[in-house]
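Chain residues, written in single-letter form:
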Amino acid sequence: MRTIARAVPPRPVLITAVALTTAAGSLLLQPRPADATPRPVPRRGSAPDPTTREGSDPVGREGSGPVIREGSGPDRHTGLAPTAVAHRALTATVPRTDPRLGYPRRHLLTADPTNPADASRKLGLTPYDALAPRLNSLQRLGDRVSVEVTGVSAGGHRLYLVTVTAPETADQATAQERMRDLIENAPVTAAKSPEIRKSYKTPVLVDDNIHGDEREGTDASLDLIQQLATANDARTKDLLAHSRLYFDITANPDGRIADTRANANGFDLNRDLITASQPETRTIRRLTIDKQPAVLLDLHGYVNGTLIEPTTPPHGENYEYDLFLKNTYADALGMESAVNGLGYTPAEDGVSPVQIPFRDQAEGWDDWPPVFTPQYAAFQGAVAAHTVEIPLQVNNEAYDTLPTAELRRRAAIDVAVAGAALRATLDFARSHRSSLIADQIELFRRGTAGAEQVPVSARTVPGVPGIGPEDVYRTEFPRAYTIAADTAGARLVAHLLANDVRVLRAATGAYVVDMHQPKRGLANALLADGRDISGKVSAMYDISAWSLGRLWGATVEPVTSLPGTPLTAVSAPSPVAYVAPHGDLRLPLTDPAEFAALNSLLRQGIPVRRAADGSSIVPEPKTVPEAEASRAKVTEAAKAYDVAFEATSLTGSTPLHATRVAAAVTPGELFALREMGFDVTPVTTGILNAGFDWSRADVLFVSAELAYDDLTPAARTALGAFLSAGHGLVGRGVTGAAFASATGLLTATPVEGTEEANGVVRVANSGPLTTGAPRYGFVYAPVWFTGLGAGVRVEQSYATGNPLLAGHWRTRADGSGGPADAAGRPSVVSGRHAVLFGTEPLFRDHPKGELPQVGRALFTMAQTSDGTRAMAHASSGSVEESG
């Protein structure tokens, strides 16, 4: 975790407004006006900020507090997930139900075994094992509540969707689906439809507990669902007659049980939306696409007072931000009134008034990257989407140190605050139904028509105070993108389609993404380079660039016109899998899927050799039976991983062997290594000190959680014996470089750029490990190397000039640590016994095109059981064939 400072103006005087109604059976707030009413609050400025963000200390104290950022470094839960959990995440699919089925859709859920260790119990909140019985009982309350299982978490726990709406016949559900499709796919027609105006049910999606140790949203939703199931007041009936309310009741059951922010794979799911590496985020993605919510609420903790979006600049440049700001700000005002109306005070309860960052802060809490649930939902049709940070901390140190009674007091207040936010949002959805649907239609119309974005201003978004030039972010959409049809291109196309981005195929074979489509904002957010926003703001909350077009290994180009050849819509990429019918076979090893295929063959004992260009060669066996058996295995791997084995005249001389990796790495890195098919055993300082069996490993990878100075003498001796036998090291960042130095494996001095810097950088590849690698890399707290010792080779360097293509990278106050200091400096170096990375080639399993660099490094440094090193190279720069 990292901290960055930011400045904001003094807190405004907040107005306690609409209170909950008291009529019997009534649970909604009084209707608010249909527009965003101006508030008499100060304009954003530069005074000290007393707030903090998720997972940090409570707010409301004097002085400035940190904003907590999550980078790639170690957190409380290192990369120790077992292989089975990674396999489950890599293979999990999201079940789909027939959207034409009527409501209610009752499913009797089997009970989970009671788990006394569930961390929710200490807080007086609902443990995971109690969810199934509770959901069964809610379905029995009437005909408004339906429960479906939408998938399984990385840790093997069921994911539940609760839908609350007035009953629908199958024909009525079919009509709702038809209108939903019309809104997205024929927005001009939808805007004129009397049926939609009268009958379409506004979709509202509530995402609970995506951070496992921020649980209270689940309990607030359960309480609200129970009330909605039986309330008979007119407003509730009107709400359910004209809305479908969807509750992703616990998006992260693994973390809920274990008291971790992350899931069982160690992933922060609220950073995974555009990568979708985890089954939980794929479920959220599918729900968001299928339900097409106009309003989304993502319940988190903890910021005191409760923090409610919209955010500070910079604002995602691919949004239709005028539509988003108008509705999100108006909904935030209603939530503010409801939460403040609960009557909690700093003096009596420790609860401060609500804050709305757009209005109350200057920067540091942005909506720039689409890695968060609300920001992702904005590209799928949500015109009001919020992160809501409830106030009183009950996780981390508070969970471990506060008395149980105090924890339960805080949790009860948090549940009440979350409930107030939920009720206000439902009231907003009910009273703004017509304008929400109209704005969602307009969002899709602009994309389909290729219309210009509308800049935010006091004229275009009336009623929102303090809009200034710092809030105006727009982009120029290309007419289309083309994507080459190879393994990386097929993976990217499949990912675009999974995100509901439309893809065409040209007669020439290339894929085409026509940017005149409903979800052009998401298409551009995924494919475009991004922007260097270093000069726009001093601090960012999370990553500032993420381009799949530059980081996923595919050949992606923006074009100013559509190809002149016929274009055909595709529902899936064409298979790339191919095996030449005769001769030796070559696999390039420039894509992670190719490494997965290679490792699969090696595990099955198929002979594979390394060629001089770094590719892998599968020799054709001499006898017909052996050749047929080998070809069958290769064909199976080609189909499984969608890779091509071409015939080759190259002859590989060095045998490759299945490589076992001992890895002290972050969760994202561990997952990426396993995605490439490596046999990985996680290690830490503690594991080595407890006595690690080094016969289980061929190579060591170090980036986190391993410090040589903290090893016991016995652990150092065992490690020394492993390294002396010829096993090498792959390291990343300052931790990996320090380990290489301490063990004497490689001489290089790591130089750290500014800690919060991150983005897509230009690189120059110059060594065998980076053969075929993209000309772009990803950095987070970038590192470069100086003082290279004898025999150390530069495999890759930061580009000269300004290496930052997109992202946020400033110098320190003394002028050091910026991109100019990194320009031309080595970013990846290697020696006979070690490889060091200053970039982030495995960051959160995202930069797919960079993964092969690490795969090559691991094979290069691996000492095999027969005493050879598969890809070792001498200090002269030539590539050796044996160790």
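About the cut-offs
- Residues numbered from 1 in each chain as written.
- Predicted model: local features only at pLDDT ≥ 70, side-chain atom pairs only at ≥ 80, totals over all residues.
- Heavy atoms only, no water.
- Helix = DSSP H or I, 4+ residues; strand = E, 2+ residues; numbered from the N terminus.
- Buried < 20%, exposed > 50% of the residue type's maximum accessible area, 1.4 Å probe, protein only.
- Contact = heavy atoms within 4.5 Å.
- Pairing = 2+ DSSP bridges.
- Phe/Tyr/Trp six-rings, centres within 6.5 Å; stacked < 30°, edge-to-face > 60°.
- Lys NZ or Arg CZ within 6 Å of the ring centre and 35° of its normal.
- 1 Å grid on protein atoms, 1.4 Å probe; cavity = no way out; pocket = protein on both sides within 12 Å on 5 of 7 lines; lining within 4 Å.
- Points joined across faces, edges and corners; volume = space filled by probe spheres on them.
- Nonpolar A, V, L, I, M, F, W, Y, C, P; charged D, E, K, R; others polar.
- pLDDT = per-residue confidence, 0-100.
- Expected span 1.5 Å × (residues − 1).
- Axes fitted to C-alpha atoms, helices over the stretch in contact; angles between N-to-C directions.
- Parallel < 35°, antiparallel > 145°, perpendicular 65-115°, else oblique.
- Left-handed = near helix turned anticlockwise from the far one by under 90°.
- Core = buried A, V, L, I, M, F, W, Y, C linked by side-chain atoms within 4.5 Å.
- Lys, Arg positive; Asp, Glu negative; His and termini not counted.
- Salt bridge = Lys/Arg side-chain N within 4 Å of Asp/Glu carboxyl O.

Enquirer: Before we go on, may I ask you to explain the overall build of the chain in this structure?
Expert: Secondary structure assignment for the chain yields 27 helices and 34 strands. Residue burial in the chain is summarised as follows: out of 883 residues, 62% are buried. The contacts in the chain between residues at least 6 apart in sequence include a share of 79% that link residues at least 24 apart.

Enquirer: Could you clarify how one ought to interpret the pairing of strand 29 (residues 776-780) in this entry?
Expert: Counting buried positions along strand 29 yields five of five residues, so the element is predominantly enclosed. The side-chain alternation of strand 29 yields two buried faces, one formed by Tyr776, Phe778 and Tyr780 and the other by Gly777 and Val779. Bridge analysis of strand 28 (residues 758-765) against strand 29 gives five bridges, and the strand direction is antiparallel. Paired with glycine 759 across the strands is valine 779, a residue of strand 29.

Enquirer: Sorry, what's going on with the environment of arginine 140 here?
Expert: Mapped onto the elements, arginine 140 comes out in the loop between helix 2 (131-139) and strand 3 (145-152). For arginine 140 and leucine 108, which are 32 residues apart along the polypeptide, the C-alpha to C-alpha distance reads 10.0 Å.

Enquirer: How should the packing of aromatic side chains be read in this particular structure?
Expert: Working definition: an aromatic ring pair is given by the centre-to-centre distance plus the angle between the planes. Under the defined criterion, the tally for this structure stands at 20 aromatic pairs. Seen in terms of ring centroids, tyrosine 329 and phenylalanine 358 are 6.4 Å apart; in terms of plane orientation they differ by 70 degrees. Their pairing is edge-to-face. Of the two residues, tyrosine 329 is situated in helix 10 (residues 321-340) and phenylalanine 358 in helix 12 (residues 357-360); the sequence distance between them amounts to 29 residues. The exposure class of phenylalanine 358 is buried, given its relative accessible area of 1%. Through a chain of ring-to-ring contacts, three or more aromatic side chains come together here, namely Tyr319, Tyr321, Phe324 and Phe379. The ring centre of tyrosine 103 lies 4.0 Å from the NZ or CZ of arginine 105, which sits over that ring. Lying over the aromatic face of tyrosine 511, arginine 505 brings its terminal NZ or CZ to 4.3 Å of the ring centre.

Enquirer: Sorry if this is basic, but what is going on with the layout of surface pockets here?
Expert: A water-sized probe rolled over the atoms picks out the places where empty space is left. As a volume, the largest pocket reaches approximately 1300 Å³. Leu90, Thr91, Arg282, Arg491 and Glu675 are the residues nearest the centre of the largest pocket, which is lined by 40 residues in total. Every element with two or more residues in the lining of the largest pocket is listed here: helix 1 (83-91), helix 9 (279-291), helix 17 (487-498), helix 20 (592-603), helix 21 (624-641) and helix 22 (667-675). Residues belonging to the lining of the largest pocket are distributed by class as follows: 19 nonpolar, ten polar and eleven charged.

Enquirer: Whenever I open this one, the pairing of strand 33 (residues 826-830) confuses me. Can you help?
Expert: Two faces belong to every sheet, and in a regular strand the side chains alternate between them. Here strand 33 lies mainly inside the structure; five of its five residues are buried. Bridge count for strand 31 (residues 793-798) against strand 33 is four bridges, and the pairing is antiparallel. Residue pairing in the sheet places arginine 793 in a bridge with serine 830 of strand 33. In terms of strand pairing, strand 33 meets strand 34 (residues 834-837) through three bridges, oriented antiparallel. If you follow serine 830 over to strand 34, its bridge partner there is valine 835.

Enquirer: Got a minute to help me understand the confidence of the model for the chain in this structure?
Expert: Detail in the predicted coordinates should be disregarded across regions flagged by low pLDDT. Of all residues in the chain, 89% have pLDDT values of 70 or greater, and the mean over the chain is 90. Taken together, the stretch residues 1-76 has pLDDT below 50 and engages in 244 contacts with residues farther than four places along the chain or on a different chain. Low pLDDT (under 50) marks residues 870-883, which in the prediction has 46 contacts with non-local residues, meaning those over four places away or in another chain.

Enquirer: Before we go on, may I ask you to explain helix 3 (residues 170-185) in this structure?
Expert: With 16 residues, helix 3 extends 22 Å between its outermost C-alpha atoms, agreeing within 8% with the 22 Å of an ideal straight helix rising 1.5 Å per residue. Listing the buried residues of helix 3 in full gives Ala173, Ala175, Gln176, Glu177, Met179, Arg180, Ile183 and Glu184. Tucked into the core, helix 3 has its buried residues touching helix 4 (187-191), helix 5 (194-199), strand 6 (243-248), helix 9 and helix 16 (433-449).

Enquirer: Explain empty space enclosed by the protein here, please?
Expert: One pass over the structure, following the stated rule, counts eleven cavities of 30 Å³ or more. There is about 120 Å³ of room inside the largest cavity. The wall of the largest cavity is formed by 15 residues, among which Glu317, Asn318, Ala525, Gly530 and Trp546 lie closest to the centre. The residue inventory of the lining of the largest cavity, partitioned by class, reads six nonpolar, six polar and three charged.

Enquirer: Explain the packing of helix 10 against helix 15 (residues 404-431) to me, please; I cannot follow it from the model alone.
Expert: To describe two helices that pack against each other, one gives the angle between their axes and the distance between the axes. One way to put it is that helix 10 packs onto helix 15 with a least axis distance of 8 Å and a crossing angle of 135 degrees. Classified by the angle between their axes, helix 10 and helix 15 sit oblique to one another. Considering how the two elements wind past one another, helix 10 and helix 15 form a crossing that is right-handed. Seen from helix 10, the contacting residues are Asn327, Ala330, Asp331, Gly334, Met335, Ala338 and Val339; seen from helix 15, they are Val417, Ala420, Ala421, Ala424, Thr425 and Phe428. Looking at side-chain class alone, the contact of helix 10 with helix 15 contains nine nonpolar, three polar and one charged residues.

Enquirer: Would you take a moment to explain the sheet that holds strand 20 (residues 616-618) for this structure?
Expert: Sheets are built from strands that pair by backbone hydrogen bonding, the pairs being arranged parallel or antiparallel. Spatially, six strands are ordered 17-21-18-20-19-22 in an open sheet, and the strand pairing comes out mixed. If you trace the sheet from one side to the other, it starts and ends with strand 17 (578-579) and strand 22 (654-655), each paired once. Where strand 18 (residues 585-587) and strand 20 come together, three bridges link them in antiparallel fashion. For leucine 587, the partnering residue across the bridge sits in strand 20 and is serine 616.

Enquirer: Please explain the sheet that holds strand 6 as it appears in this structure.
Expert: The strand order across the open sheet built from seven strands is 3-4-6-5-7-11-8, with neighbouring strands paired in mixed fashion. Sheet topology places strand 3 and strand 8 (307-308) at the edges, where each strand pairs with a single neighbour. Pairing of strand 4 (residues 158-164) with strand 6 involves four bridges; the strand directions are antiparallel. Counterpart to leucine 161 in the pairing with strand 6 is aspartate 248.

Enquirer: Which parts of the structure should I look at to understand the nonpolar core?
Expert: Nonpolar side chains in soluble globular proteins tend to end up buried together. Grouped together as the largest cluster of nonpolar side chains are 151 residues, with contacts concentrated most on Phe247 and Val513. Once you skip the residues sitting within four places of it in the chain, valine 513 turns out to touch Arg479, Ala480, Tyr481, Ile483, Leu496, Val501, Arg502, Val503, Ala523 and Leu527. Membership of the second largest hydrophobic core comes to 45 residues, among which are Ala81, Ala857, Leu858 and Met861.

Enquirer: Would you mind going over helix 6 (residues 216-230) with me for this structure?
Expert: Note: α-helices contain 3.6 residues per turn, so residues at a spacing of three or four share the same orientation. Its 15 residues give helix 6 an end-to-end C-alpha distance of 22 Å, which sits within 8% of 21 Å, the value for a rise of 1.5 Å per residue. The buried fraction of helix 6 is high, at eleven of 15 residues. Within helix 6, burial applies to Glu216, Gly217, Thr218, Asp219, Ala220, Ser221, Leu222, Leu224, Ile225, Leu228 and Ala229.

Enquirer: When you look at unusual backbone geometry in this model, what are you seeing that I'm missing?
Expert: Negative phi characterises most residues that are not glycine, and trans characterises most peptide bonds. Backbone torsion omega between tyrosine 103 and proline 104 reads 10 degrees, so that peptide bond is classified as cis. Its location among the elements puts proline 104 in the loop between helix 1 and helix 2. The omega torsion of the bond from glycine 301 to tyrosine 302 falls at 5 degrees, within 30 degrees of zero and hence cis. Looking at the element boundaries, tyrosine 302 is found in the loop between strand 7 (295-301) and strand 8. Its identity as a non-glycine residue notwithstanding, leucine 589 has a phi of 65 degrees, on the positive side. Structurally, leucine 589 is set in the loop between strand 18 and helix 20.

Enquirer: In this structure, what is going on with the side chain of arginine 285? I would like to understand it.
Expert: Residue placement: arginine 285 occurs in helix 9. Of the side chains with opposite charge, aspartate 272 comes closest to the buried, unpaired arginine 285, at an N-O distance of 8.4 Å. Among all residues touching arginine 285, those that are not within four sequence positions of it are Ala276, Tyr376, His495, Ala498 and Asn499.

Enquirer: Teacher, can you tell me more about the environment of valine 763 here?
Expert: Tracing the sequence through the fold places valine 763 in strand 28. Exposure remark for valine 763: the relative accessible area of 7% places this residue in the buried category. Separated by twelve residues in the primary sequence, valine 763 and arginine 775 have C-alpha atoms spaced 5.3 Å apart. Ignoring anything within four residues of it in the chain, the contact list for valine 763 reads Pro774, Arg775, Tyr776, Gly777, Gln796, Ser797, Tyr798 and Ala799.

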